[in-house]
Amino acid sequence: MKLIAGGGRDITVIGLAVVGFTFTLFSGCAIFEDEKTSKGRKLYNHYCSHCHGETGQQGEGFNWERMSDPRPKNLASNAEMSTFSDEEIFHTIYRDMKDTTDPKVLDDEDYFAVPTMPTFKYTLSEEEIWSIVGYVRTLHGMSLSYDFEARKKELDEAFQAAQQEMETAKASFEAATEKAEAAQAAYEETLTDEQLENYEPEEVTIPEEEAFLAANEKYENAKASVDNFLKRPKKAQVSRPDLSLPEEERAVQANLGKELYNDKYGCQGCHSLNDEGGLVGPALDRAGFRLNPTWVYRWILYPQAMKKHTRMPNLGISDQDAKAITYYLGTLQAPKPENPVPLSE
C-alpha cells in the first residue's frame, strides 16, 4: 500500500481494494480501516449512533438529550474508555436484560444495570459485536486487543471435542441398547406360551443412556456457541398469543408490564410518552388505540421477523414479559393532540 500526496494534488490510494482496506474521512482526519473495523462502523452507525453520536461524543446523537440519567458515556474520551477492558465493553452490549430495581442486580459490579442501554445478544452475532467493540476503540484512539481469532479457534476446538464425545457416547448407548434387547429376546424365548400371556417386561435402565444424553447436550451447546459466533441468532416463528384475561388479572399484568417497560427493558430510551423519552421509535401515547395487540406481542418478541433491518433489537424478552408489556401498551390511550403535526408532502 502506498500513499502519494503533493502540494495541491489529490491523494491517491493504491492497492486498498486488493488488501481489503477502506478509506474514510472522520473528524477531519484520514483513517484506514480493516474489514472488521469497517463492519463495526456500519453496525455502530445503524444501531448505536442515534444515542452515542457518530464520533462517540456526548450530546451528538439525536436521541442523546432525550435519555434519562445516566446518559451514554463519552466514547471519544480516552481517559474514561481506557479504564474498560475489551471484554467489559463487549459484555455491556452482549448481556441479558435484568430488573434494575433489584438490589442484587444493582450491587453486581460485573453487570451493566442501565435499562435504556439495550442488549444486542439476541440480534447480532458475537463476531459482529466484537467488530463494534473494535470500532468503538478507534473513537478514543485505541485498538482492539482481544484475540478474536483465538476465541474462534477455542470454540471450534470445543465443538470438535464435543462432537467426538457425543458420537462415542452414542455408539456405546446404541451397543448397550442392542445388547439389552437381545438379552430380553433370549429370555422371552425361554418362556412358555402360558407365561408369555401374563408377561410384562421390566423397564431396563441402560447406564450408557445418561452419558449419551449429557454428551449430546454438551454437543448442542458447543454447536450453538459456534453458530452464535458467526451467525445472527434466529427465533422460531412467533405463534398467535392468547391474550384473553379477566379484567382484574389484565390490570395486574398491565402494571407489571409498566415496570418491565421502564425498569428492565428500558423502552423509554427509544420511545416517548407524554413527550418524554426517546425519539428512535414512534411515540406510544396512543398505542392502545392504534396498535393491534397480537402484532405488538409479536413485534416485542421478535422484531426482526417483522422488519429485518429494524433498529429495535431483540431483547430476549420472555413470552410472559411480552404479554405483560402488551397489556400495558393497551392502556395507553391518550386523546388526539389538538394541533397534530401535518404529514409532510
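Residues numbered from 1 in each chain as written. Predicted model: local features only at pLDDT ≥ 70, side-chain atom pairs only at ≥ 80, totals over all residues. Heavy atoms only, no water.

**Quick word on a negative patch on the surface**
- Together, Glu-87, Glu-88, Asp-107, Asp-108, Glu-109 and Asp-110 make up a region of like negative charge exposed at the surface.
- Considering the arrangement of structural elements, one finds Glu-88 in helix H5 (residues 86-93). (Patch = residues over 30% accessible without salt bridge, like charges linked within 9 Å, V, L, I, M, F, W, Y side chains within 5 Å. Areas by Shrake-Rupley, 256 points an atom, 1.4 Å probe, with all protein chains shown as cover. Salt bridge = Lys/Arg side-chain N within 4 Å of Asp/Glu carboxyl O. Lys, Arg positive; Asp, Glu negative; His and termini not counted. Charge placed at Lys NZ, Arg CZ, Asp CG, Glu CD. Helix = DSSP H or I, 4+ residues; strand = E, 2+ residues; numbered from the N terminus.)

**Some points on the pattern of salt bridges**
- Counted by the stated rule, this structure contains 13 salt bridges.
- Its salt-bridge partner being Lys-39, residue Glu-127 comes within 2.8 Å of it at the nearest N-O pair. One end of the pair, Glu-127, is in helix H7 (residues 126-139); the other, Lys-39, is in helix H2 (residues 35-47), with 88 residues separating them in the sequence.
- In this structure Glu-127 comes out as buried when scored by relative accessible area, which is 11%.
- One salt bridge in this structure joins Lys-121 and Asp-96, with 3.3 Å as the shortest N-O distance. In this pair, Lys-121 is assigned in the loop between helix H6 (103-106) and H7 and Asp-96 in the loop between H5 and H6, connecting sequence segments 25 residues apart.
- Overall, Lys-121 belongs to the partly exposed group, its relative accessible area being 23%. (Buried < 20%, exposed > 50% of the residue type's maximum accessible area, 1.4 Å probe, protein only.)

**Considerations on the side chain of Gln-304**
- Note that Gln-304 resides in helix H14 (residues 303-306).
- Beyond its immediate chain neighbours, meaning those up to four positions away, Gln-304 contacts Thr-123, Thr-310, Met-312, Pro-313 and Asn-314. (Contact = heavy atoms within 4.5 Å.)

**Quick notes on helix H11 (residues 247-264)**
- Here H11 is 18 residues long and its end C-alpha atoms lie 25 Å apart, about the 26 Å a rise of 1.5 Å per residue gives.
- Of the residues making up H11, those classed as buried are Gln-253, Ala-254, Gly-257, Leu-260, Tyr-261 and Lys-264. Around the axis of H11, the buried residues are gathered within 145° of arc, so they sit on the same side. Of the residues in H11, the exposed ones pointing more than 90 degrees away from the buried face are Glu-248, Val-252 and Asn-255.
- Contacts from the buried residues of H11 go to strand S5 (272-273) and helix H15 (319-330).
- One or two residues past the end of H11 sits Gly-266, with phi positive at roughly 55°. (Expected span 1.5 Å × (residues − 1). Arc of directions from axis to C-beta.)

**A look at the environment of Glu-167**
- Tracing the sequence through the fold places Glu-167 in helix H8 (residues 148-189).
- Residue Glu-167 is classed as partly exposed on the basis of its relative accessible area, which comes to 41%.

**Some thoughts on unusual backbone geometry**
- Pro-70 follows Asp-69 through a cis peptide bond whose omega is -5°.
- Mapping Pro-70 onto the fold places it in the loop between helix H3 (49-52) and helix H4 (78-81).
- At Asn-274, a residue that is not glycine, the phi angle is positive and equals roughly 55°.
- Its place among the elements puts Asn-274 in the loop between S5 and strand S6 (276-277).
- Non-glycine residue Asp-275 carries a positive phi angle of around 65°.
- Within the fold, Asp-275 resides in the loop between S5 and S6.

**Considering the packing of aromatic side chains**
- Per the stated rule, a full pass over the model turns up 11 aromatic pairs.
- With a centroid separation of 3.8 Å and 10° between ring planes, the pair formed by Trp-130 and Tyr-146 is classed as stacked. In this pair, Trp-130 sits in helix H7 while Tyr-146 sits in the loop between H7 and H8, placing the two residues 16 residues apart along the sequence.
- Residue Trp-130 is classed as buried on the basis of its relative accessible area, which comes to 3%.
- Centroid distance Tyr-187 to Tyr-199: 6.1 Å. Interplanar angle 50°. Geometry classified as tilted. Here Tyr-199 lies in the loop between helix H9 (193-197) and helix H10 (207-230) and Tyr-187 lies in helix H8, a separation of 12 residues in the sequence.
- Here the aromatic cluster, defined as three or more aromatic residues joined through ring pairs, consists of Phe-90, Tyr-94, Trp-130 and Tyr-146.
- The cationic tip of Arg-71 hangs over the ring face of Trp-64; the distance from NZ or CZ to the ring centre is 4.7 Å. (Phe/Tyr/Trp six-rings, centres within 6.5 Å; stacked < 30°, edge-to-face > 60°. Lys NZ or Arg CZ within 6 Å of the ring centre and 35° of its normal.)

**Comments concerning the packing of H8 against H10**
- Packing of H8 against H10 brings their axes to within 8 Å, and their N-to-C directions diverge by 155°. On the basis of their axis angle, the class for H8 and H10 is roughly antiparallel. Like other packed secondary-structure pairs, H8 and H10 cross with a definite hand, here left-handed.
- Residues that form the contact of H8 with H10 fall into these classes: 16 nonpolar, 4 polar and 9 charged. (Axes fitted to C-alpha atoms, helices over the stretch in contact; angles between N-to-C directions. Parallel < 35°, antiparallel > 145°, perpendicular 65-115°, else oblique. Left-handed = near helix turned anticlockwise from the far one by under 90°. Nonpolar A, V, L, I, M, F, W, Y, C, P; charged D, E, K, R; others polar.)

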